[in-house]
Amino acid sequence: MKITIIGAGAMGCLFGGLLSEQGMDVHLLDVREEQVVALNDHGLTILHQGVERIVKVRAVTEPAAIPRTDLAVIFVKHAQTEAAARIAAHLLGGNGYNGHALTLQNGMGNAEIIADVLGEEQVLCGTTAQGAMVLGSGKIQHSGVGETVIGMWRPGRGEIATEVTEVFTAAGISCREVDDIEPVLWKKLFVNVGINAITALTGLRNGQLLDLESTRRLMQDVVSEALAVAEAHSIKVPSDILKHVEQVAQATASNRSSMGQDVDDQRPTEIDAINGYIVRKAKERGIAAPVNQTLVRLVQTVQGKYAAS
Ligand SMILES: NC(=O)C1=CN([C@@H]2O[C@H](COP(=O)(O)OP(=O)(O)OC[C@H]3O[C@@H](n4cnc5c(N)ncnc54)[C@H](OP(=O)(O)O)[C@@H]3O)[C@@H](O)[C@H]2O)C=CC1
Ligand SMILES: CC(C)(CO)C(=O)C(=O)O
């Protein structure tokens, strides 16, 4: 299987590096010239549990430099999903769209955006509990190991999902395939809804949210609102979803959430695809989601402040 990873940042490098390490046919594509040059000249350095190793990878800035691809794995941030999907369309076979695209991005709406460009049948999506951080050009920290769950965007089995599961597993990326991916996406959404914006606004690490009564209550409020919205849309939600969100905060206690890192580095966040999604889904059912709405406005204000400076 010929694989192209679109977005060679933290996660793209992690997946691309692990797959390349096992001799798989992988290209990394990124808009950052210095990243691509560093990856080609010095390889990808992966720091994991205090040990560094270097993996030989192939990286490009130009899609035209990549021959046809069978699987495009999209690992850009939400705001760049449409641009990445257009690149995927070109790489996957022009007008024939024979190949498939997989999104493991956080937030909701990415699969829809990709499906609008490629067609529903060509899209796989899922979640990953793997974690990574960029340490510099050509260098990442593998900061979390966990399960990746994938499925076809249009419910049902697809040979391609089984194939991708096998390829990932062979590269040491623990992966499971499901028939109905929607509840899996929502379960991850609850985690990001409960943790990301609050850490971004307070400067706290994930685990510190559990130390204060005020942030515990905020998590509870924001997750309860999201639960009401999910139920109004007949989404299957695991019982005790709040406990799950708290467990993830505990398991990733020393992490700064991805939105926290975005705010720290003055980059656009994925707030619209996370708490913003809950607000939009609430409106569709005439439900109020005031805590999520307030978090969205506050994060947008912080973003607006640094975008203007
Ligand atoms: N990091 C983590 O631990 C986890 C992240 N995720 C999710 O994975 C996704 C990717 O996150 P992460 O890897 O951290 O993000 P990064 O910002 O580290 O990487 C994204 C990379 O894609 C590049 N890029 C932007 N637009 C394009 C484009 N059109 N074509 C090619 N490359 C492009 C970016 O460049 P530039 O910066 O110049 O835009 C950047 O180098 C997000 O949705 C995130 O929420 C999910 C689980 C864990
Ligand atoms: C699981 C969690 C909260 C880990 O930090 C994450 O997905 C993120 O930061 O976006």
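In this text, all values refer to a predicted model and were calculated from it rather than measured experimentally.

Describe the site of ligand 2, listing the residues and the values that go with them.
Surrounding ligand 2, one finds Asn-106, Lys-188, Val-191, Asn-192, Asn-196, Asn-206, Val-248, Asn-255, Ser-257 and Ser-258. Asn-106 places a side-chain nitrogen or oxygen 3.0 Å from an oxygen atom of ligand 2. One of the side-chain nitrogen or oxygen atoms of Ser-258 is found 2.6 Å away from an oxygen atom of ligand 2. The element contributing the most residues to the shell around ligand 2 is helix H6 (residues 182-202), with four residues. Considered class by class, the residues forming the shell around ligand 2 number two nonpolar, seven polar and one charged.

I'd like to hear about the nonpolar core, residue by residue, with values.
One finds Ile-6 and Trp-186 to be the most contacted residues of the largest nonpolar core, which totals 63 residues. Residue-level mapping places this core at the junction of two domains, with at least three residues from each of domain 1 (2-179) and domain 2 (183-308). Those residues within four positions of Ile-6 in sequence are excluded, and the remaining contacts are Leu-29, Ala-72, Val-73, Ile-74, Phe-75, Val-76, Ala-84, Ile-87, Ala-88 and Leu-91. Val-55, Leu-104, Ile-150 and Val-164 belong to the second-largest nonpolar core, a separate cluster that totals 37 residues.

Account for the environment of Val-279, with residues named and values stated.
The topology assignment puts Val-279 in helix H10 (residues 275-284). Excluding anything up to four places from it in sequence, Val-279 contacts Ala-289, Asn-292, Gln-293 and Val-296.

Describe the domain arrangement of the protein chain, listing the residues and the values that go with them.
Interface size is commonly expressed as the accessible area that is lost once the parts come together. Segmenting the protein chain into domains produces domain 1 (2-179) and domain 2 (183-308). Between domain 1 and domain 2, the C-alpha centre-to-centre distance is 25 Å. Both sides of the domain 1 and domain 2 interface together cover about 1,400 Å² of buried area, and 61% of this is carbon and sulfur. When the area that domain 1 buries against domain 2 is broken down by residue, the three leading residues are Lys-77, Asn-106 and Met-108, summing to 48%. Scanning the region where domain 1 abuts domain 2 turns up one salt bridge. At the boundary of domain 1 with domain 2, the tally comes to five residue pairs in polar contact (both at pLDDT 80 or more). Its residues placed into classes, the side of domain 1 that touches domain 2 shows six nonpolar, six polar and one charged.

Can you lay out the sheet that holds strand S6 (residues 71-74) for me, pointing to particular residues and giving the numbers?
Judged by pairing direction, the sheet is mixed, and its eight strands sit side by side in the order S5-S2-S1-S6-S7-S8-S11-S12 without closing on themselves. Every interior strand has two partners, whereas the edge strands, strand S5 (59-60) and strand S12 (175-177), have only one. Of the strands in this sheet, strand S1 (2-6), strand S2 (25-29) and S6 are in contact with helix H3 (residues 81-91), which crosses S1 at around 160 degrees. In the packing of helix H4 (residues 110-118) onto the sheet, contacts are made with S6, strand S7 (100-103) and strand S8 (123-128), and the angle to S7 comes to roughly 165 degrees.

Summarise the environment of Ile-173; cite the residues concerned and give the values.
Summarising the element assignment, Ile-173 is placed in the loop between helix H5 (159-170) and S12. For Ile-173, a relative accessible area of 1% corresponds to the buried category. With 25 residues separating them in the primary sequence, Ile-173 and Thr-148 have C-alpha atoms 7.2 Å apart. The residues contacting Ile-173, other than those within four sequence positions of it, are Phe-15, Leu-18, Leu-19, Gln-130, Thr-148 and Phe-168.

Describe the site of ligand 1, and please don't skip the residues or the numbers.
Around ligand 1, the surrounding shell holds 22 residues, and the nearest of these are Met-11, Asp-30, Arg-32, Ala-132 and Glu-270. In the model, an oxygen atom of ligand 1 is placed 2.6 Å from a nitrogen or oxygen of the Glu-270 side chain. For ligand 1, whose unbound accessible area comes to 900 Å², protein coverage reaches 84%. Those elements that provide at least two residues to the shell around ligand 1 are helix H1 (10-21) and strand S9 (131-136). Class assignment for the residues of the shell around ligand 1 results in 10 nonpolar, seven polar and five charged.

Tell me about a negative patch on the surface, residues and numbers included.
A contiguous patch of negative charge on the surface is contributed by Asp-70, Glu-159, Glu-163 and Glu-166. When you line up the elements, Glu-163 lands in helix H5.

Go over the sheet that holds strand S3 (residues 44-48) with me, naming the residues and quoting the values.
If you walk across this open sheet you meet the four strands as S4-S3-S10-S9, and the pairing is mixed. In this open sheet, the two strands that pair with only one neighbour each are strand S4 (51-55) and S9. For this sheet, the mean angle separating the axes of adjacent strands, direction not counted, is 25 degrees. Across five bridges, S3 lies against S4 in antiparallel orientation. Paired with Leu-44 across the bridge in S4 is Val-55. Running at roughly 100 degrees to S9, H1 makes contact with S3, S4, S9 and strand S10 (139-144) of the sheet.

Tell me what's going on with the pattern of salt bridges, and back it up with residues and numbers.
Counted according to the given criterion, the structure contains 17 salt bridges. Measuring nitrogen to oxygen at the nearest pair gives 3.1 Å for the salt bridge that ties Glu-213 to Arg-217. Here Glu-213 pairs with Arg-217, and both are found in helix H7 (residues 213-232), just four residues apart, close to one helical turn. Residues Glu-213 and Arg-217 agree in their burial class; the two are exposed. Where Arg-267 meets Asp-262, a salt bridge forms, and the shortest distance between an N and an O atom there is 2.8 Å. Among the residues examined, Arg-267 registers a relative accessible area of 32% and is labelled partly exposed.

Parameters and conventions
- Think of each chain on its own: its residues are numbered from 1, step by step along the sequence as written.
- Chain labels run from A onward and ligand labels from 1 onward, assigned in the order the entries are written.
- This being a predicted model, a pLDDT of at least 70 is required before a residue's local features are given, and a value of 80 or more before pairs of side-chain atoms are given or counted; all residues contribute to the totals for chains, interfaces and linings.
- To obtain the side-chain values, all non-hydrogen atoms of the structure were included, while hydrogens and water were left out.
- Summary of the distance rule: residues count as near a molecule or strand when at least one heavy atom falls within 4 Å of that molecule or strand.
- Nitrogen and oxygen atoms within 3.5 Å of one another constitute a polar contact, given that in protein one can donate a hydrogen and the other can accept it, and given that sequence-neighbouring residues count only through two side-chain atoms.
- Only runs of H or I of at least four residues qualify as helices and only runs of E of at least two qualify as strands under DSSP, and these elements are numbered from the N terminus.
- Think of it as three bins: nonpolar holds Ala, Val, Leu, Ile, Met, Phe, Trp, Tyr, Cys and Pro, charged holds Asp, Glu, Lys and Arg, and polar takes everything else, Gly as well.
- To define a nonpolar core, start from buried Ala, Val, Leu, Ile, Met, Phe, Trp, Tyr and Cys residues and group those joined through side-chain atoms within 4.5 Å.
- Here the term buried applies to any residue with accessible area under 20% of the maximum for its type, exposed to any over 50%, and partly exposed to those in between, with areas from a 1.4 Å probe on protein chains only.
- Boundary definitions for the domains trace back to an automatic or database domain assignment.
- Every residue pair with non-hydrogen atoms within 4.5 Å of one another is taken to be in contact.
- Buried area is a sum: the accessible area each of two parts loses on coming together, probed at 1.4 Å, counted once for each and added.
- Counted as salt bridges are all cases of a side-chain nitrogen of Lys or Arg within 4 Å of a carboxyl oxygen of Asp or Glu.
- At least two bridges found by DSSP between two strands are what make those strands a pair.
- Between the N-to-C directions of two axes lies an angle of 0 to 180 degrees, each axis being a line fitted to C-alpha atoms and, for a helix, fitted only over the stretch in contact.
- Accessible areas in this description were obtained via Shrake-Rupley with a 1.4 Å probe; residue shielding takes into account the shown protein chains only.
- Exposure above 30% relative accessible area and the absence of a salt bridge qualify a residue for a patch, where like charges join within 9 Å and nonpolar side chains (Val, Leu, Ile, Met, Phe, Trp, Tyr) within 5 Å.
- In this tally Asp and Glu are treated as negative and Lys and Arg as positive; neither His nor the chain ends contributes.
- Where a charge sits is defined by one atom per residue type, namely NZ (Lys), CZ (Arg), CG (Asp) or CD (Glu).

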